[in-house]
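Working through the structure, step by step
What follows is the residue order along each chain.
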Amino acid sequence: MTCLKDEHLTIPSLSAPLDVGGRTLRNRVVLAPMSGVTDLPFRDLAWRFGAGLVVTEMVASRELALNARESWSRIRNCGIRPHMVQLAGREAHWMAEAARIAEGEGADIIDINMGCPAKKVIGGYSGSALMRDPDHALGLIEATVGAVKVPVTVKMRLGWDHDSLNAPHIAARAEAAGAAMITVHGRTRMQFYEGKADWDAIRAVRDVLSIPLVANGDVDTADDAREILRRSGADAVMVGRGAQGRPWHPAVLAGAAHPSTEEIAAVAVEHYRMMLDFYGVEAGLRHARKHVGWYLERFAPGFTGPAKAEIMTARDSDAVADRLATALLAGGAARLGEAA
């Protein structure tokens, strides 16, 4: 394994490949599954730039098994390999059935969501609510592993709250049940996304595992990525909100070159048009707004007021594309001027 020397230990190189249950990741920076964000257009762009692995939005297992259209659209692939589908649920039967469907539709890896803190998810006793009942959670893992031939992984948090930091216990049992990789977000469910992720606390999970561990939470820069590996002992990093408005970011953390201002403008416009094609114009306009906002916030922060409001609400897609490109190019020129 290619490693970088630290004062006290070695940490894996982010550009090195990683084996997950017989599936090879081309590098060690993973794009996190984010509901409403990591749809097929976003994953396609992140993969093309060079992310080591991209994960679908969370897919409700029961809805997929019962043929819900939105759930089926979420497991679609566009030639990305390995194709990783994340499932959520609270009943072993539906998790197993959904896993079989996903595998049949080309999933190379199945991920079980035990980390989502959203009220609508935990209200159904899914996501991070599963960490409150490890025995029940292990039943879901065992059913999923038993239903498919592809590797099954698990994404979790440190625990429900700071009085129940049971990620090491659940992770060890998940490995014994056949899980091929564990991802840990360094917050509890009760923290949601507040405060700072506890990278040191993830090491307690590393200490009980022999399978790969992925560390997640507040990874924004290359220094962050190296530091979370050093402090957690993890084998790879997962990037979530840090990739919003920059689908190339996981690849950059893995060592790829950062795109130029002109390339950023071109990618933003391509992303916008991909979303209109994927969802249809009416739905695409709604889904694309948050992405347009993220691009502008990151790369044209001076583009505010009525001009920004107009581009965010306009229904003329050609006009939006033109204005978006113009704003991003101007924002890049302004940053260069400030640097000079």
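This report concerns the structure included in the present document.

Cut-offs applied
- Residues numbered from 1 in each chain as written.
- Predicted model: local features only at pLDDT ≥ 70, side-chain atom pairs only at ≥ 80, totals over all residues.
- Heavy atoms only, no water.
- Helix = DSSP H or I, 4+ residues; strand = E, 2+ residues; numbered from the N terminus.
- Buried < 20%, exposed > 50% of the residue type's maximum accessible area, 1.4 Å probe, protein only.
- Contact = heavy atoms within 4.5 Å.
- Phe/Tyr/Trp six-rings, centres within 6.5 Å; stacked < 30°, edge-to-face > 60°.
- Lys NZ or Arg CZ within 6 Å of the ring centre and 35° of its normal.
- Core = buried A, V, L, I, M, F, W, Y, C linked by side-chain atoms within 4.5 Å.

1. Thoughts on the side chain of Asp235
Relative to the helices and strands, Asp235 is located in the loop between helix 9 (222-232) and strand 13 (236-239). Overall, the relative accessible area of 16% leaves Asp235 in the buried class. With near-sequence residues (within four places) excluded, Asp235 lies in contact with Pro12, Leu18, Arg28, Arg206, Ile211, Pro212, Leu213 and Leu229.

2. Topic: the packing of aromatic side chains
Two aromatic rings, taken as a pair, are described by how far apart their centres are and by the angle between their planes. Evaluated as defined, the whole model comprises four aromatic pairs. Seen in terms of ring centroids, Trp248 and Phe299 are 5.7 Å apart; in terms of plane orientation they differ by 45°. Their pairing is tilted. With Trp248 in the loop between strand 13 and helix 10 (249-253) and Phe299 in helix 12 (residues 281-299), the pair connects residues that are 51 residues apart, well separated along the chain. Each member of the pair, Trp248 as well as Phe299, carries the same accessibility label: buried. An aromatic cluster is built from Phe49, Trp248, Tyr295 and Phe299, whose rings are joined through pairwise contacts. The ring of Trp47 is capped by Arg26, whose NZ or CZ atom sits 3.5 Å from the centre of that ring. Just above the ring of Trp160 sits the side chain of Arg132; from NZ or CZ to the centre is 4.2 Å.

3. Structural notes on the nonpolar core
Counting 67 residues, the largest nonpolar core has Leu87, Met114, Val154, Met156 and Ile182 as its most contacted members. The biggest single contributor to this core is helix 4 (residues 92-104), with six residues. When residues no more than four places from it in sequence are discounted, the contact partners of Ile182 are Val154, Met156, Ala171, Ala174, Leu209, Ile211, Pro212, Leu213 and Val214. Among the nonpolar cores identified, the runner-up in size contains 26 residues, and Ala265, Val269, Met274 and Met275 belong to it.

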